[in-house]
Amino acid sequence: MNKIIKSFLALSLATGMGACSSSYLEQPPVDLVSDAAIGESVEAARAALYGLCEAMYISYGDDNGDYAIRFASGEAYFQTYYGDSPSPDFADSFLYGSQKEQQAWVFMTRDTGDGDRYPWMYAYNLINQANVILSVIDGVPGDPAEVKFIKAQALTIRAHAYIRLMQVYGPRFEDSKNGQELSLVLRVTPGSDPSPLVSYKEVMTQIYSDLDNAIGLFNESGKQRSKGFEPNVNVAKGLYSRAALINHDWQKAKDMANQARQGYPIMTAAEYLAGFGKANGEWLWYNDFNKTYNGYNSWGASFSCNGAYATSYDWSGAGAISWKLYKQIFDKNENDVRCELFWTPDKANMYVDYGFEEADFWDPSVVYSERMTMWGVDPYMTMAITYWNMYNTPQGYSDGLFPFQTGASFGAALGLEISDGLNPQAIAAVYSYAKSSTRVQFGAQQKFWSSGADLGDAQHPFLRASELLLNEAEAAVELQDYTTAQNCMKELNSNRMPNYSCTLTGDALKEEIRLYRRMELWGEGDTWFSFKRWNVPVSREIWKAGDPTSNNFMPAYEGSYDTSYSNGWRYEIPKSEKDYNTIINSQLNK
C-alpha cells in the first residue's frame, strides 16, 4: 500500500493546471488497492494508514515543472514555504527567482500557479486518502481495538489537513462574520465530486468533531503507536490546541495544549543545539527518514544547513533569521542558546580577535545585497565563519557551510582546531578554499541538519512540546490566567538561558510570549500562521549599506502588509478547483 500511495501522489502536480476535472486531486494508478480490499483485514487497513502517513513526507514535485515546486516534499515543505517564507522572520534566497514571488506575497493574490495550488492539492490528497480509510474501517474484521486505533489516526490526519487549509485559504476568526464566511469545500467521503464552499463555522465544527472522535477512539483502543510518523492521542490533542487558537477558543486551546504535552519534556539547551535532524523526546510527530524516495528533492537537500543544494552553487544556504528578531532576543539575554545557531554580527570576532568586525556586516564590499550573501572577500571573515561553523556542527552531522566536507575531516585537512586562534597557515588554507566555495547568508541558520548531506535526509518536527507550551501560554494570557502563562514561559526559557524570570502581565506578557514563540519555533512553519492569527501587520525591512539599524532582507523581499491584504491574508482558491467545481464560482462571484 505504501508504494500505491506514493504513486498516487507523485502524479498530482504533474497534471495540467487548466483541465476541467478533479484529476489534479485524484490520479490513481491502475494498481491502486480498492476500497473493498482495504476493508478486508486489519493488516490492509494498517498498510493504507501507513501510506497516508507517508503521504506527508514524499516528493510531490515534477522535475520538468516549476523548479521551485520540484522540491515540494510534503508537510516539511508546506511548513517552510507557507508558514515561514512569507513571514517577517525568515529570509531565504534559495531558488531566488521562484522564491521571490512567494516571499513577496504574490502567489496568494492569484489563482494560477503551483504556489497557490500546492497547499490545496496536498491537503485534499490527505483528506481523500483518510476518507477512503474511514469509509470502510468500521466493517474491517479483526482486533476491534486496532480498528479503533486506525480510525482515530485517520480522523486525526483529516482534521490536520483541514487545519492547514484554514491557515492558508480560510479567514481569520475576526474576519469570519460570526462563523458565516465561506471558506473551504468540505469533503468527508471518498472522491472529489463538485461541492459547494461551506462556512468557517462548518469547517471548524468538522475539525472539532473529528478530533473529539479521534481522542475518544484512541482512549478506548488502549493501543500505542509504533512509529513517530503516526499520530497518537497526544498529537490529536495538540492539533486541537492549534485549531482552538485559530478559533479563539481559549479554554479549549489551553486545556488541549497542556494535556497534549504530557510525557514530552522540553528539550534541554544541549538537545536544542544537537541539531534538528533527528527526533528526540520532545517531538510528538515527525516524518520518518526517507532515503529512498526523495533524494535531491527532499526537504533537507534544500533547507537543512548541510543539505546538498543549500551548500552548493550560488544558492546561499538554507534560510536566514531576520536580524531585527535576532537582535531583540540577543539584547534580552546574550546567553540564549538559540542565538548560537545563526551567523550574525556578534559572531564576527568570537574566535578571531581582529581583522573582521561587526561593521563589516553592513559593508557593501563584503555583502552582496541582492542575495544577502557574504563570501570569500576577507580572509579573517572566512576564518570567523570557519570557526563558528566548526564549533556549531553537532556530533554526527557533516559540515554545514562548506559543501561535502565533514567538520572533522575538513578541520584535520587544514590543521584546524578551535584553540588554534590566528594560525596564518590555516587562515591562508581556509581562505583559498572558501573563496570558491563559500557563500554564507547574513543570518544563516545552523538549526536544521541532514544526516546524509548528499540526499538531505532528515527528520523534521510536525509538532513538538515547545509549541504546545507556547499555545498554552498564549491561551492563558487571553484568559488573564497570568500565573499559568508566566510558568509556561519559565518552563521554556529556563531550558534556553540562565536566570530567566517572568513577572509580566497583560499586553506586556502577551508580547513576551509572541516574541519567544517566533524565536523558539523559527523555521518550523509557524510564524506566518501566527501573525495571521494575531491579526498583526507584517513589515519586511531591507539591508542598507552602513546602517546597522537596518534589517537583512534583500531588496526583492521588501514589503509591508496590512491585515486586509489579499482579503485578510487568504490565498485564492486555485483555478484548477474552480474550473471543474463550478458550483463554487457562483458563490465566489456574489
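Residues numbered from 1 in each chain as written. Predicted model: local features only at pLDDT ≥ 70, side-chain atom pairs only at ≥ 80, totals over all residues. Heavy atoms only, no water.

Comments concerning the overall build of the chain
Line of reasoning, step 1. Within the chain one finds 23 helices and 11 strands.
Line of reasoning, step 2. Counting only residues that meet the buried cut, the chain has 64% of its 590 residues in that class.
Line of reasoning, step 3. Contacts in the chain between residues far apart in sequence, at least 24 positions, make up 74% of those at least 6 positions apart.
Line of reasoning, step 4. On the chain, roughly 20,300 Å² of surface is accessible, and the fraction owed to carbon and sulfur atoms is 49%. (Helix = DSSP H or I, 4+ residues; strand = E, 2+ residues; numbered from the N terminus. Buried < 20%, exposed > 50% of the residue type's maximum accessible area, 1.4 Å probe, protein only. Contact = heavy atoms within 4.5 Å. Areas by Shrake-Rupley, 256 points an atom, 1.4 Å probe, with all protein chains shown as cover.)

Comments concerning the sheet that holds strand 6 (residues 367-368)
Within a sheet, neighbouring strands are paired by backbone hydrogen bonds and run either parallel or antiparallel to one another.
Line of reasoning, step 1. Here 3 strands make up an open sheet; going across it, the order is 6-7-8 and the pairing antiparallel. Where the open sheet ends on each side, the last strands, each with one partner, are strand 6 and strand 8 (440-441).
Line of reasoning, step 2. For strand 7 (residues 373-374) and strand 8, the ladder comprises 2 bridges, and the chain directions are antiparallel. Residue pairing for strand 8: Met-374 is matched across the bridge by Val-440. (Pairing = 2+ DSSP bridges.)

Comments concerning the packing of helix 18 (residues 482-493) against helix 19 (residues 506-520)
Line of reasoning, step 1. Orientation of helix 18 relative to helix 19, taken along the N-to-C sense of each, is 30°, at an axis distance of 11 Å. Here helix 19 runs roughly parallel to helix 18, going by the angle between their axes. Our pair here, helix 18 against helix 19, has a crossing hand that is left-handed. Residues Tyr-482, Ala-485, Gln-486, Met-489, Leu-492 and Asn-493 of helix 18 lie in contact with helix 19, whose contacting residues are Gly-506, Leu-509, Glu-512, Ile-513, Tyr-516 and Glu-520.
Line of reasoning, step 2. Here the contact of helix 18 with helix 19 is composed, by residue class, of 7 nonpolar, 3 polar and 2 charged. (Axes fitted to C-alpha atoms, helices over the stretch in contact; angles between N-to-C directions. Parallel < 35°, antiparallel > 145°, perpendicular 65-115°, else oblique. Left-handed = near helix turned anticlockwise from the far one by under 90°. Nonpolar A, V, L, I, M, F, W, Y, C, P; charged D, E, K, R; others polar.)

Quick word on the nonpolar core
Line of reasoning, step 1. The biggest cluster of nonpolar side chains holds 160 residues, and the ones touching the most others in it are Tyr-118, Leu-165, Leu-184, Ile-207, Trp-343 and Met-374.
Line of reasoning, step 2. A per-element tally of this core places helix 7 (residues 144-169) first, with 15 residues.
Line of reasoning, step 3. With sequence-adjacent residues up to four places away left out, Ile-207 is seen in contact with Ala-159, Tyr-162, Ile-163, Met-166 and Ala-243. (Core = buried A, V, L, I, M, F, W, Y, C linked by side-chain atoms within 4.5 Å.)

Points about unusual backbone geometry
Line of reasoning, step 1. One non-glycine residue with positive phi stands out, namely Asn-535, at about 60°.
Line of reasoning, step 2. Within the secondary structure, Asn-535 sits in the loop between helix 20 (527-534) and strand 10 (538-540).
Line of reasoning, step 3. Take Asn-535: its relative accessible area is 28%, and that puts it in the partly exposed class.

Details of the environment of Gly-115
Line of reasoning, step 1. Looking at the element boundaries, Gly-115 is found in helix 6 (residues 114-136).
Line of reasoning, step 2. Remark: the alpha-carbon pair of Gly-115 and Glu-101, spanning 14 residues in sequence, is separated by 8.8 Å.
Line of reasoning, step 3. Not counting residues up to four positions away in its chain, the partners in contact with Gly-115 are Tyr-82, Phe-107 and Tyr-571.

Quick word on the side chain of Gln-206
Line of reasoning, step 1. Its place among the elements puts Gln-206 in helix 8 (residues 200-221).
Line of reasoning, step 2. Non-local contacts of Gln-206, meaning those with residues more than four positions away in its chain, are made with Arg-158, Leu-186 and Val-188.

Regarding the packing of aromatic side chains
Line of reasoning, step 1. This model, assessed by the stated rule, comprises 47 aromatic pairs.
Line of reasoning, step 2. Pairing Trp-105 with Trp-528 gives two aromatic rings, centres 5.9 Å apart and planes at 75°, and the pair type is edge-to-face. A residue pair is termed long-range when its members are at least 10 positions apart, and Trp-105 in the loop between helix 5 (96-103) and helix 6 and Trp-528 in helix 20 qualify at 423 residues. Trp-528 shares its class with Trp-105; the two are buried.
Line of reasoning, step 3. An angle of 85° between the planes, with centres 5.5 Å apart, marks the rings of Trp-362 and Phe-442 as edge-to-face. With a gap of 80 residues between them, Trp-362 in the loop between helix 13 (323-332) and strand 6 and Phe-442 in the loop between strand 8 and strand 9 (461-464) connect regions that are remote in the sequence.
Line of reasoning, step 4. Since its relative accessible area comes to 6%, Trp-362 is described here as buried. (Phe/Tyr/Trp six-rings, centres within 6.5 Å; stacked < 30°, edge-to-face > 60°.)

Brief notes about the environment of Ala-301
Line of reasoning, step 1. Secondary-structure assignment places Ala-301 in helix 12 (residues 299-303).
Line of reasoning, step 2. In the structure, Ala-301 is positioned 149 residues away from Ser-450 in sequence and 7.7 Å away in space, judged by C-alpha atoms.

Concerning helix 10 (residues 250-260)
Line of reasoning, step 1. Among all positions of helix 10, only Trp-250, Ala-253, Lys-254, Met-256, Ala-257 and Ala-260 are buried.
Line of reasoning, step 2. On the buried face of helix 10, the contacting elements are helix 8, helix 9 (233-246), strand 4 (283-286), helix 17 (465-478) and helix 18.

Describing the packing of helix 4 (residues 75-84) against helix 6
Line of reasoning, step 1. For the pair helix 4 and helix 6, interaxial distance at closest approach is 11 Å and the crossing angle is 140°. One way to sum up the angle between helix 4 and helix 6 is to call them oblique. Considering the relative orientation of helix 4 and helix 6, their crossing is left-handed. Side by side, helix 4 and helix 6 meet where Glu-75, Tyr-77, Phe-78 and Tyr-82 of the first sit next to Asp-114, Gly-115, Tyr-118, Pro-119 and Tyr-122 of the second.
Line of reasoning, step 2. Here the residues of the contact of helix 4 with helix 6 are counted per class, giving 6 nonpolar, 1 polar and 2 charged.

A short note on the confidence of the model for the chain
Caution applies to low-pLDDT regions: their predicted coordinates should not be interpreted in detail.
Line of reasoning, step 1. Mean pLDDT over the chain stands at 85; residues scoring 70 or higher make up 80%.
Line of reasoning, step 2. Per-residue pLDDT stays below 50 along residues 26-32; that stretch engages in 13 contacts with residues further than four places along the chain or on separate chains.
Line of reasoning, step 3. Scored below 50 in pLDDT, residues 402-414 makes 26 contacts in the model with residues more than four places away or belonging to other chains. (pLDDT = per-residue confidence, 0-100.)

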